[in-house]
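Structural overview
As a plain string of letters, each chain reads:
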Amino acid sequence: MVIAIAVTVFAALRTALVPRSFGQYGHYRGAAIAETAARPIAFAGHDVCEACHTEVVDQKKQGKHVVVPCEACHGALAKHADDPASVKPPKLDTAVLCARCHEANSAKPKGFPQVVTADHSGGIACDSCHQPHRPKIEDSPAKPATEARK
Amino acid sequence: MEITRRRLLVLLPAAAVAWKFVLAGTPEASPNYKLTEHWWSMLIDIPKCIGCGSCVRACAQENDVPDGFYRTWVERYRVTDWKIERPEVESPDGGKLGFPPNQSDGKNFFVPKLCNQCADSPCTQVCPVGATFVTPDGVVLVDKTYCLGCRYCVQACPYGCRFINPKTNTAEKCSLCYHRITKGLTTACCEVCPTGARQLADLKNPKDPIHEFLKTHTVQVLKPHMATQAKVFYNGMDGSVR
Amino acid sequence: MYPNEVELQWSILIVLYPFITGLVAGAFILASLERVFRVEAVKPTYRLALLTALSFLLVAPLPLQLHLGHPERSLEMYMTPHRSSAMAMFGFVYLWYLMAVLLLEVWLDYRRDIVVKSKTATGVSRFIYRLLTLGSDNISPRSLRIDDRLGYFITLIGIPSAFLLHGYVGFIFGSVKANPWWSSPLMPIVFIFSAMVSGIAAVMLLYMASSRLRGKPIDIRCLDKIAQYLMYIFIIDFSLEMLDLLQRIYEADESFRSLDFMVHTRLWTSQVIIQILLGTVTPIALLGLTQLVKFTEVVRKRIYAVAGCLTVIGIFAMRWNVVIGGQLFSKSFLGYTSYKMAFATREGLLTAIILMILPFGILWMLVKLLPPWTDSGSIPASAAAPAQATS
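Residues numbered from 1 in each chain as written. Chains lettered and ligands numbered in written order. Predicted model: local features only at pLDDT ≥ 70, side-chain atom pairs only at ≥ 80, totals over all residues.

The next point concerns the overall build of chain B. Looking only at helices and strands, chain B features 7 helices and 11 strands. Buried residues in chain B amount to 53% of all 242 residues. Of the contacts formed within chain B by residues at least 6 apart in sequence, a portion of 64% connects residues at least 24 apart. (Helix = DSSP H or I, 4+ residues; strand = E, 2+ residues; numbered from the N terminus. Buried ≥ 20, exposed ≤ 12 C-beta atoms within 10 Å, placed from the backbone. Contact = placed C-beta atoms within 7 Å.)

Here we come to the overall build of chain A. Helix and strand content of chain A: 8 helices and 0 strands. Computed over the C-alpha atoms, the radius of gyration of chain A is 27 Å, more than 25% above the 15 Å expected from 2.2 N^0.38 for a compact globule of 150 residues. Viewed in the frame of its principal axes, chain A has a C-alpha envelope of about 90 × 40 × 25 Å. Out of the 150 residues in chain A, the part that is buried amounts to 26%. Long-range pairs, those at least 24 residues apart, make up 48% of the contacts in chain A with a sequence separation of at least 6. (Rg over C-alpha atoms; globule rule 2.2 N^0.38 Å.)

Let us now look at helix H2 (residues 46-59) of chain C. Along its 14 residues, H2(C) runs 21 Å from first to last C-alpha, staying within 8% of the 20 Å computed at 1.5 Å per residue. Counting buried residues along H2(C), 13 of its 14 residues qualify, which places the element largely inside the surrounding structure. (Expected span 1.5 Å × (residues − 1).)

All names here are of chain C. Where helix H1 (residues 12-35) meets helix H14 (residues 349-369), the axes come as close as 9 Å, and the angle between the chain directions of the two elements is 20°. Between H1 and H14, the angle falls in the class roughly parallel. Read as a crossing pair, H1 and H14 show a hand that is right-handed. The segment H1 lies against H14, with Ile 12, Leu 13 and Leu 16 engaging Leu 349, Thr 351, Ala 352, Leu 355 and Met 356. Partitioned by chemical class, the residues of the contact of H1 with H14 number 7 nonpolar, 1 polar and no charged. (Axes fitted to C-alpha atoms, helices over the stretch in contact; angles between N-to-C directions. Parallel < 35°, antiparallel > 145°, perpendicular 65-115°, else oblique. Left-handed = near helix turned anticlockwise from the far one by under 90°. Nonpolar A, V, L, I, M, F, W, Y, C, P; charged D, E, K, R; others polar.)

Mapped onto the secondary structure, Val154(B) falls in helix H4 (residues 152-156). Residue classification places Val154(B) among the buried residues on the basis of 25 C-beta atoms within 10 Å. The spacing of Val154(B) and Val126(B) is 28 residues in sequence and 9.7 Å in space, taken between C-alpha atoms. Aside from chain neighbours lying at most four places away, what touches Val154(B) is Arg162(B), Phe163(B), Ile164(B), Ala171(B) and Gln9(C).

Okay, the sheet that holds strand S10 (residues 219-220) of chain B next. Sheet strands associate in pairs through backbone hydrogen bonding, adopting either a parallel or an antiparallel arrangement. With respect to topology, 4 strands assemble into an open sheet ordered S9-S1-S11-S10 (chain B), the strand pairing being mixed. Strands with a single pairing partner mark the edges of an open sheet, and in this sheet they are strand S9 (198-202) and S10 of chain B. (Pairing = 2+ DSSP bridges.)

We now examine the sheet that holds strand S4 (residues 107-114) of chain B. All names here are of chain B. The strand order across the open sheet built from 3 strands is S3-S2-S4, with neighbouring strands paired in antiparallel fashion. Because the sheet does not close on itself, it has two edges, and the strands there are strand S3 (88-90) and S4. Geometrically, the sheet is characterised by an average inter-axis angle of 25° between neighbouring strands, direction not taken into account. Bridge analysis of strand S2 (residues 72-79) against S3 gives 3 bridges, and the strand direction is antiparallel. The residue of S3 that forms the bridge with Arg 78 is Glu 88. Contacting S2 and S4, helix H2 (residues 54-63) crosses the sheet at an angle of about 160° to S2.

Residue and element names in this part refer to chain A. Under the domain assignment, chain A is made up of domain 1 (41-90) and domain 2 (91-150). Contributions of two or more residues to the side of domain 1 that touches domain 2 are made by helix H4 (54-61) and helix H5 (70-74). Tallying contributions element by element places H4 first for the side of domain 1 that touches domain 2, with 3 residues. In terms of residue class, the side of domain 1 that touches domain 2 is built from 3 nonpolar, 5 polar and 2 charged. (Domains from an automatic or database assignment.)

Below, the discussion takes up the interface of chain B and chain C. Between chain B and chain C, the contact holds 34 residues from the first and 29 residues from the second. Broken down by secondary-structure element, the contributors of at least two residues to the side of chain B that touches chain C are helix H3 (122-126), H4 and strand S7 (163-165) of chain B. Top contributing element to the side of chain B that touches chain C by residue count: H4(B), with 4 residues. When the residues that make up the side of chain B that touches chain C are grouped by side-chain class, the tally is 22 nonpolar, 9 polar and 3 charged.

Accessible area lost upon the coming together of the parts is a frequently used measure of interface size. Across the boundary between the two partners, chain A contributes 34 residues, which contact 45 residues of chain B. Looking at the side of chain A that touches chain B, the elements that each hand over two or more residues are helix H2 (31-37), H5 and helix H7 (94-102) of chain A. Considering every element that reaches the side of chain A that touches chain B, the biggest residue donor is H2(A), with 5 residues. Partitioned by chemical class, the residues of the side of chain A that touches chain B number 21 nonpolar, 7 polar and 6 charged.

Residues and elements named next belong to chain C. One finds Val 24, Ile 200 and Leu 230 to be the most contacted residues of the largest nonpolar core, which totals 197 residues. Take this core: its biggest share by element is 17 residues, from H1. The residues touching Ile 200, leaving out its near neighbours within four places in the chain, are Gly 26, Leu 30, Ile 226, Tyr 229, Leu 230 and Ile 233. (Core = buried A, V, L, I, M, F, W, Y, C linked by C-beta atoms within 7 Å.)

What follows is about the environment of Tyr146(B). Assignment of secondary structure puts Tyr146(B) in the loop between strand S6 (140-142) and H4. Those residues in contact with Tyr146(B), other than ones at most four positions away along the chain, are Arg29(A), Val129(B), Ala131(B) and Glu76(C).

As a further point, take the pairing of S2(B). All names here are of chain B. Counting buried residues in S2 gives 7 out of 8 residues, a clear majority hidden from the surface. As paired strands, S2 and S4 are joined by 8 bridges and run antiparallel to one another. Within S4, the position partnered with Val 74 by the bridge is Pro 112.

Another aspect to go through is unusual backbone geometry. Apart from glycine, the bulk of residues carry a negative phi angle, and the bulk of peptide bonds sit in the trans form. Phi at Asp64(B) takes a positive value of approximately 55°, unusual for a residue other than glycine. Mapped onto the fold, Asp64(B) is located in the loop between H2 and S2.

Once that is clear, we can look at the pairing of strand S1 (residues 40-45) of chain B. Residues and elements named next belong to chain B. In terms of burial, S1 is largely enclosed, as 6 of its 6 residues are buried. The two faces of S1 match: Trp 40, Met 42 and Ile 44 on one face and Ser 41, Leu 43 and Asp 45 on the other face are all buried. Where S1 lies against S9, 5 bridges are found, and the strand directions are antiparallel. By the bridge assignment, Ile 44 is partnered in S9 with Arg 198.

Before going further, it helps to examine the environment of Pro87(B). Residues and elements named next belong to chain B. You can see Pro 87 is positioned in the loop between S2 and S3. Along the chain, Pro 87 and Arg 242 lie 155 residues apart, while their C-alpha atoms are 8.7 Å from each other. Ignoring sequence-local partners within four residues, the contact set of Pro 87 consists of Tyr 77, Arg 78, Val 79 and Ser 240.

Turning our attention to the confidence of the model for chain A. Overall, the prediction assigns chain A a mean pLDDT of 87, with 92% of residues at 70 or greater. With pLDDT under 50 throughout, residues 144-150 of chain A is counted as low confidence; its partners more than four residues away or in other chains account for 6 contacts. (pLDDT = per-residue confidence, 0-100.)

Attention now moves to the packing of H2(C) against helix H8 (residues 186-214) of chain C. All names here are of chain C. Look at H2 against H8: their axes get within 10 Å of each other, and the N-to-C directions meet at 115°. Here H2 and H8 pass one another in a crossing that is right-handed. Facing Leu 48, Ala 49 and Thr 52 of H2, the residues of H8 in contact are Ala 202, Val 203, Leu 206 and Tyr 207. Of the residues belonging to the contact of H2 with H8, the class tally is 6 nonpolar, 1 polar and no charged.

Here it is as structure tokens:
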């Protein structure tokens, strides 16, 4: 008798407490898949950038940075892509940014362009001499040194 | 359980109904996405990785990863001479801000790591309530409204890719940017990788370049002896990688 | 270390949990020695062992609940248990053991006393006793005999259930292939035997302490028997642990170098000094000595007390070394971290201390409610029907 009551209570509890979509695809809440897929997006993806910024695309095509996605340097810009007028991408500090990829490190692939920035530039901003979208100096003369930032 | 004819008669229709659910399964947020048409994996090309840490930063931004925890990270290996079983490995802040300038002898390289999206995942095996699971399209996800925070899955993962998010007190790990890949985008880490060392791959897509790549390159998975059927493939991975 | 491994996942509360369930299983096995295996000498501790097991089993879920990130969701383990998860299945093993074995056994054994007290007690206690009778106040010789048979049967099921209870905890650790310190088929067996050791030692100490507190004489024959069983089981437990250790050292697989270094540095005090030397070798030696040399009663009691205390400390150290030790090294076998135990937090030392004191509080209340002593007026069920043929 006690067992019968216990089983009934358990069954009732179970019907009340177990989420509806549980077991839909397996031993988990099926609705969780949709919930996970509904997260907001932070990175727009380079296709979205290239749709508008065609002049940058042309510039990049002439140099080695053609393979570097826009948001690798410019950060997450889905908000900007949604509302280009009001959300402006932040200005980048090339002295820090470029070193992340190009600072010499023995673990980097040997053919990869890397420098010891202290010797190479003495710590000044990389875009004093290099144009980030077409980095080879001979290809695109950079801005005058007066605009260099420490 | 013996497959008697009677049992089969009961099981088959039940299985058919269940499969119909799976076939019809479309995460509501992306109505054109069919769960059964994809089987996600990732390809990591170690000779291309420059240890810039862009992937780690992008992932943290895309997925609100708290400081001190990592859904993906980069390790730097140094192997001297024949000591393949005893490399020196470092991962300062998961490689989030890149690696300090370094000139060392021996063999040096970077290894990005993330959840291996195991097809035979030990973490889903040990979850007591079904809060972590493998989706029909091959991604291991965590249901943070269901997770108890018992940490058994964190213990069971051989790759150390899981952690407990201190804000939600639930388990968390790389979700292969599920919210992006179901909309036709690539993962945040693959999106920002400047050298293309990380590539998302869909094993069910016959046109995906991964099939040709796997045929023509020497590829490994991490800890194959764990028999987890890991789906993150490493090209050019050295035997010292742990 | 993999970056996510630096912080330990399972804290001192998870060390407490196998320790407590171990005491439960061990105390129950001691009780079953009398009930099923008819070891008459240990009868004075029968009821005390059952009450000890019950007190600790009631506290056992608390460290788990306090450790969970979302304790309010813990009912999910019973509603949607994942059948491939040892932890989920353990929830049912615990429930089974608590309801079907321990509570039922305690109730059956005490039923006569409860019925008597429900008629003779006054005030609040009378109400409590009436509640405990569960409506049945039949204490005729026939119904007492049924109680006895049922109790025997339940203890019979209870022994494998006790093994299952704590063996399962061992399996929860032993089945984690990702962790070589835990992953071993021996783990459930080692857990079971160390549980028996700790439980028996704990009941022995409680018996000595409670007799001392009540000013009653200790049945030395009972104590001698318990100590003897303790020694035998301890020898088996020690052999198993040494077997695991020796095999590991000999085979020296991929994880060995890392684990060996860990034992020599971070676990030296807790494993070699406390668990092995002080907590295992010394008690076995002391107990062995009492078997070989005929000491006086007083000396024997002192030796048993010391051996008992060292044993319980040693088994706690063993749980510590398994749980914490298993998280101090990296799964890459290339690094180590350390356990920073807080004091007054949800999973801190203070909480652990309180949780360890709590079962004694419960035991004290149970002892007041259902006295296990045979020399203060209440008659144990097994002696209630002297004229009946024992079977």
